[in-house]
Every structure is written in structure tokens, then in C-alpha cells.
Amino acid sequence: MLAAPSAYLATIMPASSPGFFINRDFAFYWCVRIFTMAAFQMLAVAVGWQIYDLSRSAMDLGMVGLAGFLPALLFVLVAGHVADRYNRRSIVQLCNVAQCLIAVALGLASWQGWISREGIFVAAFLLGITKTFGSPTLAAMLPAIVRTDDLPRAVSASSAAMQAAIISGPALGGLAYIGGAEAVYSITALMYALSALLLGMVAYVHTPPAPVNKEDTSVFAGIAFIRRNPVLLGAISLDLFAVLLGGATALLPIFARDILQTGPWGLGLLRAAPAAGALLMSVWLARFPLNRQVGRIMFAAVAVFGFATIVFALSTSLLLSMAALSVLGASDMISVVVRSSLVQLETPDAMRGRVNAVNFLFIGASNQLGEFESGATAALFGLIPAVIIGGAGTLLVVVLWMRWFPALAGRDKLVA
């Protein structure tokens, strides 16, 4: 399935390595992941600051988020279907080029002074479309780039890239914004263009899907496949409900100001803590991948996620709260790596696009709904009880899922 690497690339990086980057194609793939995610985070900072500067409306900030999320609901099943029928590398490159052009348009509009809130909404919606098509497709490419035995390590290293970008992207965006919004948009446009070029250096050959029955050609085949596979259904739904119930991060501004008596700097530390914990854990798992009892480890990690949520709710110390959030992020990363590896390994290549699209929708939706659930329960029961209820609910889900999905609980190795 892989094209022969060029002689030049063979001289600068070995074909296979026990190190972090595994092989040269994965090194390019890893760079694409970190550049595209960092660019997206920088755009989020610039767009959010700019639209609030234009309208001074909190509602407009929410509308930007909604405009970016709607494409996932509208197009994610179609995106998965496209990823299973056409060249995945070309799809991601096309999305990178489109993202580059959107950033260029925003930069020109800002530089010329004719940027408007309506234009930003349209740009956010278009960026949401490119992310909906690009993210699941890029994830579906990974099994064709590394060997099956290296896939869990590759997932961990790829997750490390994402977490590093989530931590550094907003800071870089804020720093670049000193030169104006157009400076941020120019940098992100270059990053997206570079991503498209780097992806072209990955030795990847599109293999048209083999003939299958009519049911498996449907855009809904990904949902049907997950329902038929108790390991995948258990792993995806466990992550979904854990994040849905344990969404304490949405309430961080209230905790920072009213409970921990800190300012914006403290809120920044609290927001960075889960990503820092996740980054450290992803680097550890890339070096020491999970080999045995992965089902029990996943359930244990989600249970730790629930306990860490409760500790955070009861904490009145900034340091303890940061530690709890770091543990929360690290345990969540273990669950993410196990789930992502199982999704890739349990799914036939002809359906990886659609299954990854469903996974993208469910997990992405759970983050959004988790924020809503946290706010609603806090309004009903109070701030601290709401977070405790969420953590306890996560522990209850672990107990129920271990009984309802014994195949997942008893899974020994990621590679069956």
C-alpha cells in the first residue's frame, strides 16, 4: 500500500525506528498534525478576540462556536463516506489549501479594514467544514503509514502532537496578535500551506475499496458497524459519557474567581493543567505503549478521571486543583489512546473513514454537551455539588459499562 520512498528521504531518516517518530512517513504526518492543530488554535484566538472587539457581544462569541460546530452535525457522515471512497491524502491536502485560503481572506479583510462579524461567522462555518472533512480523514490515514504493531505508539505520539498544539497554539496566537489580527492570519495561512506540502511527502498510495455489499456502502455504515462491535461501542460510549458527565473544565472561570480567589493568570494555569497532564501521559505512552489488560486499564483510567473530578470540586487550593486537573487530563489521555487504537485496529480499511467520522462526531459532541450539562447542573444544584455529581456519575458509568460490555473489560491486547 505504501509508495517507495525517495532515495533522498532514505538518507535523512531511517525507514523504521524504535524512537518517537517510528518512521519517516509518520514524522511528516506528525508535523502535519501539530501544524494544523496549532494553526486552528491560533485562529480561534484571533477570531474570538477580533469579533469581541468588533461587537462587544458575548452572544457573538457563542455564535462563532456554533458556526464552527454546525458543520460536524451536518456533514460528518458525508465526510466519512468521502474518506472511504477517494484518496485520503488528497482530501486532507484540499482541506489544508482551503484553510489556507480562508486565513488569507481573513487577513486581507483585517488589513484592509472591511472585516465584519458576518464575514467572521461565514469563515468559522467554512473552517468547520474543512475540519469536519479533514480530521477524520487524516486519522483514517494513520494505519497505512505505520505497521499494525506500531499503531498504539503512533496514536500516542500523534496525541502528544495534538496536546502540544493545544497548549502552545493559543499562546502563539496571543503573542502574534500584538502585530494585529492580520499577523495571526498570515502565520496560520503559511502553516496550513506547509501542512499540505508535508503531507505530499508522505508515501501513501490510495487503494480503491474492494467491492462490498450494498449495506456497507451506505453513509450510515459507520454507525451500523460500531453497533455490531461491542468493543468499539463500549469504548466510544464510555468516553462519551465520561466526558459528558465530567465536564468540570467549563466551570473553571467560576472556580478561579469565587473558590480559589485567583485572577486571569490562575485561570490560565487551570486551563493549561489538563492539557499538560495529557501531553506528559501521551509522551509516556509513546515510549512505553500499553501491551496487556488494555480493557481494564481503560476502565481504571476513566475511574481515576471521575475521582480527580471530585477532588477538584472539593479543593480550595490552586496547587491541588492544578494537580487534580493534571491527573484528570492524564487519565483521559489513556482512555483516548485505547479508544483511538481500538477504532483503527478493529475497523476494516474500507470503512475507517466513516467509523472515524462517527467517532469524531460523538467525542466532539460530548465536549460541547458536557459544557452545557455542567452549566445546567451548576444552575440547579450549585457549583461544587454539580461537579461532584459529574464525577460520581462517571464512576457509576464505569461500573455499569464493565457489566454491560464484558468484551471490552476483558480485552487483553489492543491488537486482537
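Provided above is the structure to which this section pertains.
Calculation notes
Residues numbered from 1 in each chain as written. Predicted model: local features only at pLDDT ≥ 70, side-chain atom pairs only at ≥ 80, totals over all residues. Heavy atoms only, no water. Helix = DSSP H or I, 4+ residues; strand = E, 2+ residues; numbered from the N terminus. Buried < 20%, exposed > 50% of the residue type's maximum accessible area, 1.4 Å probe, protein only. Contact = heavy atoms within 4.5 Å. Areas by Shrake-Rupley, 256 points an atom, 1.4 Å probe, with all protein chains shown as cover. Axes fitted to C-alpha atoms, helices over the stretch in contact; angles between N-to-C directions. Parallel < 35°, antiparallel > 145°, perpendicular 65-115°, else oblique. Left-handed = near helix turned anticlockwise from the far one by under 90°. Nonpolar A, V, L, I, M, F, W, Y, C, P; charged D, E, K, R; others polar. Salt bridge = Lys/Arg side-chain N within 4 Å of Asp/Glu carboxyl O. Phe/Tyr/Trp six-rings, centres within 6.5 Å; stacked < 30°, edge-to-face > 60°. Lys NZ or Arg CZ within 6 Å of the ring centre and 35° of its normal. Core = buried A, V, L, I, M, F, W, Y, C linked by side-chain atoms within 4.5 Å. Patch = residues over 30% accessible without salt bridge, like charges linked within 9 Å, V, L, I, M, F, W, Y side chains within 5 Å. Expected span 1.5 Å × (residues − 1). Polar contact = N/O pair within 3.5 Å; in protein donor to acceptor, adjacent residues only side chain to side chain.

## Things to note about the overall build of the protein
No. 1: Along the backbone of the protein there are 16 helices and zero strands.
No. 2: Split into buried and exposed, the 416 residues of the protein put 52% on the buried side.
No. 3: For the protein, the proportion of contacts with a sequence separation of at least 24, taken over those separated by at least 6, is 85%.
No. 4: Of the roughly 18,400 Å² of accessible surface on the protein, a fraction of 70% belongs to carbon and sulfur atoms.

## Quick look at the packing of helix H12 (residues 294-314) against helix H13 (residues 318-346)
No. 1: Contact geometry for H12 and H13: axes closest at 8 Å, N-to-C directions at 155 degrees. For the element pair H12 / H13, the angle class is roughly antiparallel. Crossing of H12 against H13: the hand is left-handed. Facing H12, whose interface residues are Val294, Ile297, Met298, Ala301, Val302, Val304, Phe305, Ala308, Thr309, Val311 and Phe312, H13 presents Leu320, Ser321, Ala324, Leu325, Val327, Leu328, Ser331, Asp332, Ile334, Ser335, Val338 and Arg339.
No. 2: Partitioning the contact of H12 with H13 into residue classes produces 17 nonpolar, four polar and two charged.

## A look at the pattern of salt bridges
No. 1: Tallying each qualifying case throughout the model produces eleven salt bridges.
No. 2: Here Arg147 ties to Asp150 by a salt bridge, and the two come within 3.2 Å at their closest N and O atoms.
No. 3: Across the pair Arg292 and Asp412 runs a salt bridge, and its minimum N-O distance is 2.7 Å. Here Arg292, found in the loop between helix H11 (264-287) and H12, pairs with Asp412, found in the segment after helix H16 (406-409); they are 120 residues apart in sequence, far enough to count as distant.
No. 4: One network of salt bridges, in which partners are shared, links Asp84, Arg88, Asp349, Arg352 and Arg354.

## Comments concerning the side chain of Ser315
No. 1: Structurally, Ser315 can be placed in the loop between H12 and H13.
No. 2: Residues contacting Ser315, with those up to four places away along its chain left out, are Ile259, Leu260, Leu320 and Ser321.

## A few points about the packing of aromatic side chains
No. 1: This model, assessed by the stated rule, comprises seven aromatic pairs.
No. 2: Measuring from ring centre to ring centre gives 5.3 Å for Trp401 and Trp404, while their planes differ by 45 degrees; the resulting arrangement is tilted. One end of the pair, Trp401, and the other, Trp404, are both in helix H15 (residues 383-404), three residues apart, so they sit about a helical turn from each other.
No. 3: The class for Trp401 is buried, based on a relative accessible area of 9%.
No. 4: A relative accessible area of 54% means that Trp404 is categorised as exposed.
No. 5: Taken together, the ring pairs connect Phe241, Trp401, Trp404 and Phe405 into an aromatic cluster.
No. 6: The ring of Phe40 is capped by Lys131, whose NZ or CZ atom sits 4.0 Å from the centre of that ring.
No. 7: A cation over an aromatic ring shows up here: Arg287 above the ring of Phe288, its NZ or CZ 4.9 Å from the ring centre.

## A look at the packing of helix H9 (residues 230-245) against H15
No. 1: The N-to-C vectors of H9 and H15 enclose an angle of 165 degrees; their axes lie 8 Å apart at closest approach. When the interaxial angle is binned, H9 and H15 end up roughly antiparallel. For the pair H9 and H15, the sense of crossing is right-handed. Residues Gly234, Ser237, Leu238, Phe241, Ala242 and Leu245 of H9 form the contact with H15, whose participating residues are Gly390, Gly391, Gly393, Thr394, Val397 and Trp401.

## Here we look at the nonpolar core
No. 1: Within the largest apolar cluster, 94 residues are counted, with the highest numbers of intra-cluster contacts made by Phe26, Met141, Leu342 and Leu408.
No. 2: With 14 residues, the single largest contributor to this core is helix H2 (residues 24-55).
No. 3: Those residues in contact with Met141 that sit more than four places away from it in its chain are Tyr29, Arg88, Arg89, Val92, Leu199 and Tyr204.

## Things to note about unusual backbone geometry
No. 1: One non-glycine residue, Gln261, lies in positive phi territory at about 55 degrees.
No. 2: Turning to its location among the elements, Gln261 is positioned in the loop between helix H10 (252-259) and H11.
No. 3: The exposure class assigned to Gln261 is exposed, which follows from its relative accessible area of 63%.
No. 4: A positive phi angle, near 50 degrees, is found at Gln293, a position not held by glycine.
No. 5: Looking at the element boundaries, Gln293 is found in the loop between H11 and H12.
No. 6: Residue Gln293 is classed as partly exposed on the basis of its relative accessible area of 49%.

## A short note on the environment of Pro406
No. 1: Relative to the helices and strands, Pro406 resides in helix H16.
No. 2: Pro406 sits 172 residues away from Gly234 along the chain, and the two C-alpha atoms are 9.0 Å apart.

## As for a nonpolar patch on the surface
No. 1: Residues Met59, Met63, Leu66, Leu70, Leu73 and Leu74 make up a contiguous nonpolar surface patch of about 560 Å² in total accessible area.
No. 2: Inspection of the secondary structure assignment puts Leu74 in helix H3 (residues 58-85).

## Focus on the side chain of Ser282
No. 1: Residue position: Ser282 is located in helix H11.
No. 2: With sequence-adjacent residues up to four places away left out, Ser282 is seen in contact with Ser156, Ser159, Ala160 and Met333.

## Description of H9
No. 1: Between the first and last C-alpha of H9 there are 22 Å, a value that for 16 residues agrees with the 22 Å anticipated at 1.5 Å per step.
No. 2: Buried within H9 we find Val231, Leu232, Gly234, Ala235, Ile236, Ser237, Leu238, Asp239, Leu240, Ala242, Val243 and Leu244.
No. 3: Measuring from the backbone nitrogen of Val231 back to the side-chain oxygen at the start of H9 gives 3.1 Å, which picks out Asn229 as the cap.

Functional significance is not addressed by these values, which are geometric in nature.
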